[in-house]
Amino acid sequence: QVQLVESGGGLVQAGGSLRLSCAASGSIFRISDMGWYRQAPGKQRELVAFITRGGTINYADSVKGRFTISRDNAKNTVTLQMNSLKPEDTAVYYCNAAVTTTQRYWGQGTQVTVSS
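Bear in mind that the values here come from a model prediction, so they are computed numbers and not experimental data.

What counts, and at which threshold
Residues numbered from 1 in each chain as written. Predicted model: local features only at pLDDT ≥ 70, side-chain atom pairs only at ≥ 80, totals over all residues. Heavy atoms only, no water. Disulfide = S-S within 2.5 Å. Helix = DSSP H or I, 4+ residues; strand = E, 2+ residues; numbered from the N terminus. Phe/Tyr/Trp six-rings, centres within 6.5 Å; stacked < 30°, edge-to-face > 60°. Buried < 20%, exposed > 50% of the residue type's maximum accessible area, 1.4 Å probe, protein only. Pairing = 2+ DSSP bridges. Axes fitted to C-alpha atoms, helices over the stretch in contact; angles between N-to-C directions. Polar contact = N/O pair within 3.5 Å; in protein donor to acceptor, adjacent residues only side chain to side chain. Contact = heavy atoms within 4.5 Å. Salt bridge = Lys/Arg side-chain N within 4 Å of Asp/Glu carboxyl O.

J.: Just checking my understanding: could you explain the state of the cysteines for this structure?
T.: One way to say it: the disulfide is the covalent bond shared by the sulfur atoms of two cysteines. A full pass over the atoms with the stated rule returns 1 disulfide. The partner cysteine of Cys22 in its disulfide is Cys95, sulfur to sulfur 2.1 Å. Looking along the S-S bond of the Cys22-Cys95 disulfide, the torsion reads about -85 degrees, which is the left-handed sense. Taken as a pair, Cys22 in strand E3 (residues 18-26) and Cys95 in strand E9 (residues 91-98) lie far apart in primary sequence, 73 residues in all.

J.: Which parts of the structure should I look at to understand the packing of aromatic side chains?
T.: The description of an aromatic ring pair uses the distance of the two centres, along with the angle that the planes make with each other. Per the stated rule, a full pass over the model turns up 2 aromatic pairs. Ring geometry for Tyr37 and Trp106: centres 4.9 Å apart, planes at 65 degrees, overall edge-to-face. Separated by 69 residues along the polypeptide, Tyr37 in strand E4 (residues 33-39) and Trp106 in strand E10 (residues 104-106) bring together distant segments of the chain. Take Tyr37: its relative accessible area is 17%, and that puts it in the buried class. Between Tyr94 and Trp106, the ring centres sit 6.5 Å apart and the planes meet at 85 degrees, which makes this aromatic pair edge-to-face.

J.: Any chance you could explain the sheet that holds strand E1 (residues 2-7) here in plain terms?
T.: Read across the sheet, 4 strands follow the order E1-E3-E8-E7 without closing on themselves; strand pairing throughout is antiparallel. The open sheet has two edge strands with one neighbour each: E1 and strand E7 (67-72). Ignoring which end each strand starts from, the neighbouring axes of this sheet average 15 degrees apart. Relative to E3, E1 runs antiparallel, the two being bridged by 6 bridges.

J.: Hey, could you run me through the pairing of E3 in this one?
T.: Taken residue by residue, a regular strand's side chains alternate between the two faces of the sheet. Here E3 pairs with strand E8 (residues 77-82) via 6 bridges, running antiparallel. For Ala23, the partnering residue across the bridge sits in E8 and is Thr77.

J.: Can you help me understand the side chain of Arg66 in this one?
T.: Tracing the backbone through its elements, the reader meets Arg66 in the loop between strand E6 (57-59) and E7. There is a polar contact of 2.8 Å between the side chain of Arg66 and the backbone oxygen of Ser62. Non-local contacts of Arg66, meaning those with residues more than four positions away in its chain, are made with Gln81, Met82, Asn83, Ser84, Leu85, Lys86 and Asp89.

J.: I'm lost on the pattern of salt bridges in this one. Help?
T.: Side-chain pairing between opposite charges can occur once the charged atoms of the two side chains come close. Summed over all chains, the structure comprises 4 salt bridges. Residue Arg38 is joined to Asp89 by a salt bridge in which the shortest nitrogen-to-oxygen separation is 2.9 Å. One end of the pair, Arg38, is in strand E4; the other, Asp89, is in the loop between E8 and E9, with 51 residues separating them in the sequence. In this pair, the class of Arg38 matches that of Asp89, namely buried. Between Asp89 and Arg66 there is a salt bridge, with its nearest N and O atoms 2.7 Å apart. Separated by 23 residues along the polypeptide, Asp89 in the loop between E8 and E9 and Arg66 in the loop between E6 and E7 bring together distant segments of the chain. Of the residues examined, Asp89 reaches a relative accessible area of 1% and is grouped as buried. By relative accessible area, which is 10% here, Arg66 ends up buried. By sharing partners, the salt bridges in this structure join Arg38, Glu46, Arg66 and Asp89 into a single network.

Listed below in structure tokens is the structure:
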């Protein structure tokens, strides 16, 4: 199995920045893609960004130009640099690692709160 631990969440004012980190352990060799999802109260969990082992990146339209995802395969980590944060970005952010299309592992989540 794969274990994921997120860190870096917190409270920030609109326009500020946060950097989330996710450390993977366990069966690291099985991981293909890694990404970040978020879930706001009363809403479904949504994809924020993902990055393949080869470096291909996809962002949600709502965060393009503001968030940057990166991955260090050697360190088994993935990060999400979040700039120009908006109150709408408030959510619990979850790290995700994919072994196959349907076999995915989730971190415990880290709270991001953006005040106006």
